[in-house]
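# Residue-level structure breakdown
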Amino acid sequence: MSNRTFTMIKPDATEKGYTGAILEKINAAGFRIAAIKMLHLSAEKAGEFYAVHKERPFYGELVEFMSRGPITAAILEKENAVEDFRKLIGATNPAQAAEGTIRKLYAASVGENAIHGSDSDENARIEGDFFFSKLEQF
Ligand code: GDP
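This write-up is about the structure you can find in this document. (Residues numbered from 1 in each chain as written. Predicted model: local features only at pLDDT ≥ 70, side-chain atom pairs only at ≥ 80, totals over all residues. Heavy atoms only, no water.)

### A short note on the site of the ligand
Inspection of the region around the ligand gives Lys 10, His 53, Phe 58, Glu 61, Leu 62, Arg 86, Thr 92, Arg 103, Val 110, Gly 111 and Asn 113 as its neighbouring residues. Lys 10 is positioned such that a nitrogen or oxygen atom in its side chain is 2.9 Å from an oxygen atom of the ligand. One of the side-chain N or O atoms of Arg 86 is found 2.9 Å from an oxygen atom in the ligand. Contact with the protein chains covers 80% of the free accessible surface of the ligand, which is 550 Å². The residue inventory of the shell around the ligand, partitioned by class, reads three nonpolar, four polar and four charged. (Near = heavy atom within 4 Å. Polar contact = N/O pair within 3.5 Å; in protein donor to acceptor, adjacent residues only side chain to side chain. Areas by Shrake-Rupley, 256 points an atom, 1.4 Å probe, with all protein chains shown as cover. Nonpolar A, V, L, I, M, F, W, Y, C, P; charged D, E, K, R; others polar.)

### Notes on the packing of aromatic side chains
Taken as a whole, this structure holds eight aromatic pairs when the rule is applied. Considering the side-chain rings of Phe 31 and Phe 85, the 5.3 Å spacing of their centres and the 85 degrees angle between planes classify their relative orientation as edge-to-face. Here Phe 31 is found in the loop between helix H2 (19-28) and strand S2 (32-39), whereas its partner Phe 85 is found in helix H5 (residues 81-89), with 54 residues between them in sequence. For Phe 31, a relative accessible area of 4% corresponds to the buried category. The class for Phe 85 is buried, based on a relative accessible area of 0%. (Phe/Tyr/Trp six-rings, centres within 6.5 Å; stacked < 30°, edge-to-face > 60°. Helix = DSSP H or I, 4+ residues; strand = E, 2+ residues; numbered from the N terminus. Buried < 20%, exposed > 50% of the residue type's maximum accessible area, 1.4 Å probe, protein only.)

None of the figures reported here should be taken as evidence of function without further support.
Encoded structure:
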């Protein structure tokens, strides 16, 4: 089992000034930051990242949203990172997210849901490598 996951603080949370508070929660939950950067995805790059959702009805909306403004991308390390981080962020739809989770606290809707967390060890590695070269992963 890998001990790393990948996250993005999405444009809605950046716009609302939640980046610092979210990083603090991640830190308090025991994750070590192994890589981090703030950047603005082009629509092309956002579409590439979410290519797995290409056939879904919300794909266009998702690409537009994710390329609307800056995000913070990071690789996080902790034992059982993927599963524990999914628990920390909560359900995709913030209305269904557990109390105290990042999406419950900071997300507005199922589309604009503040934060991404990888859903498997394999995707964590693929997604981390999408944003960070080997020289940028510590
Ligand atoms: P996640 O793994 O919890 O992020 O959820 P999914 O992999 O199912 O979806 C990826 C992302 O697509 C979500 O985090 C949302 O930003 C977006 N998304 C999912 N469902 C919907 C939807 O019904 N409408 C819109 N607009 N966006 C959605």
